[in-house]
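Residue-level structural notes
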Amino acid sequence: MRRNRAVQAAAVVTIALSASLGSVATAFAADPPAATSSVLVNTDNRALGLTGALNARDAGGYRTVDGHTVRTGLVFRTGDLSKAADADLAELASLNVASIHDLRTSYERLFMGVDKVPAGAAEHHDDIIGQAPPQVMVSTLSAGTDLYRAFITAPGANEGFANVLRDIAYNPGGVLFHCTAGKDRTGWTSAVLLTILGVDKDTVYYDYLLSNYYRGAKDGDMMNGVTASALDSAFDQVNKSYGSFDTYVRDGLKLSAADVAALKAKLLA
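Residues numbered from 1 in each chain as written. Predicted model: local features only at pLDDT ≥ 70, side-chain atom pairs only at ≥ 80, totals over all residues. Heavy atoms only, no water.

**A short note on the environment of Leu197**
Take Leu197: it is sitting in helix 8 (residues 185-197). Remark: the alpha-carbon pair of Leu197 and Leu267, spanning 70 residues in sequence, is separated by 8.0 Å. Not counting the four nearest positions on each side in its chain, Leu197 is found in contact with Thr64, Val70, Leu263, Lys264, Leu267 and Leu268. (Helix = DSSP H or I, 4+ residues; strand = E, 2+ residues; numbered from the N terminus. Contact = heavy atoms within 4.5 Å.)

Quick look at the structure:
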């Protein structure tokens, strides 16, 4: 019975998401957040310019607290790629995107469509919230705190995020990760990555809040945008569950010291 309720909740949420997020809307209706001094790439140069996927951007271009630079041209984040145009795929190929991680549930993939990917790119399905309780699935519609806390507590979530991070660390080509809107599951992935690399908190939040700009979301529009309090809840759950971010990386994500070193070696200049 519990499984049936979970399946029904997932299906309802997916249909709603498909209706509201499935089409590419006009972006850039909102102003971007104020850039910190650690932002090295402006919003125009960060954007990938894809026509069939919103919120498509380079994940690098930030300065770390110890003076390194997060390299660009290696890691990318987007919304879902089910409607990617041929020109979009050509652009991703030109960026040497060799691996794509789809963080959506199987229901989202079913209702919204599977990814279109550049020829030769490896595809990975890392379902982050598919095993979460029904109330978490419902909270997906409003990107509530239950959803963000589930990024740390839901069965399979840690493994999914860790798969992306290890691939980034060891893949010689470019790695792209995405969910449906490219803002919540994708936003947490980017926040974790940048924090591991040593980017300061204000800049991590800047990167996260850029989703409002790239998706054209107005204040309070949680269907299409994000809010800092949601990201707060994820970091708070990290501390509640693991005591510290470093322990979350080690015991939750199970990234070894060698994995972290490989991430930094690849992405920091």
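**Quick notes on the environment of Glu123**
Inspection of the secondary structure puts Glu123 in strand 4 (residues 122-125). Separated by 21 residues in the primary sequence, Glu123 and Asp102 have C-alpha atoms spaced 7.6 Å apart. Residues within four places of Glu123 in sequence aside, it is in contact with Ile100, Asp115 and Val117.

**Examining the sheet that holds strand 3 (residues 97-102)**
Read across the open sheet, the five strands follow the order 1-2-5-3-4; overall the sheet is mixed. Each of the sheet's edge strands pairs with one partner strand only, and the pair in question is strand 1 (57-58) and strand 4. Against the sheet, helix 8 engages strand 2 (75-78) and strand 5 (174-178), with an angle of about 155 degrees to strand 2. (Pairing = 2+ DSSP bridges. Axes fitted to C-alpha atoms, helices over the stretch in contact; angles between N-to-C directions.)

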